Amino acid sequence: LMTAFDMMNFDDISDAPPTIPIGEYVVKIMDAKVLDKKDGSGKYISYRTIVQGGPHAGYSIRGLYSLGADQVWRFKRDVKALSVPIPQGLSVFEAAEAFAQEINGVDVTAKIGSKTRQVKTEDGSYVNDPDGAQENTVARFIALA
């Protein structure tokens, strides 16, 4: 027998995803890949991190690097921090592909931050969550773990 599921009776369950405290964590980088932006205007690196130890082990955080001219410095900063071997003479997109392959499955120390969660509006644009819900972000990679 199936019983009706009443969402309104789950007052003890948050409407937003859980977060972990801001700080440094050892994380495993997974699913890193270079993707095309939906509007075709460029590329980005998408990845996911999973906290490897402590009370927040198993917590997953999605991340990305924009490869646009005004944001690519973040990618360069983390390539240097992790000492990822990128061959000389590559384009930014080729370097991003090499980076994504090198970091998949690697444990690193990351600074985890927090920001206001983005929610999709009826017209498809994104705005800050009106309730102020937060979500974790990978602020930066610090070093290989």
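Before any of the text, the structure's been laid out above.
Residues numbered from 1 in each chain as written. Predicted model: local features only at pLDDT ≥ 70, side-chain atom pairs only at ≥ 80, totals over all residues. Heavy atoms only, no water.

Another point: helix α1 (residues 72-81). The complete set of buried residues in α1 reads F75, R77, D78 and V79. Just past α1, the residue S83 takes up positive phi, approximately 50 degrees. (Buried < 20%, exposed > 50% of the residue type's maximum accessible area, 1.4 Å probe, protein only. Helix = DSSP H or I, 4+ residues; strand = E, 2+ residues; numbered from the N terminus.)

All right, on to the packing of aromatic side chains then. Remark: the centre distance and the inter-plane angle together describe each pair of aromatic rings, the angle taken between the planes. Per the stated rule, a full pass over the model turns up 6 aromatic pairs. Plain terms: the ring middles of Y47 and Y65 are 5.6 Å apart, the flat faces sit at 35 degrees to each other, and that makes the pair tilted. Here Y47 is found in strand β2 (residues 43-51), whereas its partner Y65 is found in strand β3 (residues 60-66), with 18 residues between them in sequence. Given the relative accessible area of 2%, Y47 is considered buried. For Y65, a relative accessible area of 4% translates into the label buried. A centroid spacing of 5.2 Å and a plane angle of 85 degrees characterise the contact between F75 and F99, whose relative ring orientation is edge-to-face. Of this pair, F75 sits in helix α1 while F99 sits in helix α2 (residues 92-103), and the two are 24 residues apart along the sequence. (Phe/Tyr/Trp six-rings, centres within 6.5 Å; stacked < 30°, edge-to-face > 60°.)

Considering all chains together, one arrives at 6 salt bridges under this definition. Between D129 and R117 there is a salt bridge; the shortest N-O distance is 3.7 Å. In this pair, D129 sits in the loop between β6 (126-128) and β7 (134-144) while R117 sits in the loop between β4 (107-116) and β5 (118-120), placing the two residues 12 residues apart along the sequence. Residue classification places D129 among the buried residues on the basis of a relative accessible area of 10%. When its relative accessible area of 22% is taken as the criterion, R117 is described as partly exposed. (Salt bridge = Lys/Arg side-chain N within 4 Å of Asp/Glu carboxyl O.)

Tracing the sequence through the fold places K33 in strand β1 (residues 23-36). Residue class for K33 comes out partly exposed when judged on its relative accessible area of 39%. Remark: the alpha-carbon pair of K33 and E97, spanning 64 residues in sequence, is separated by 7.0 Å.

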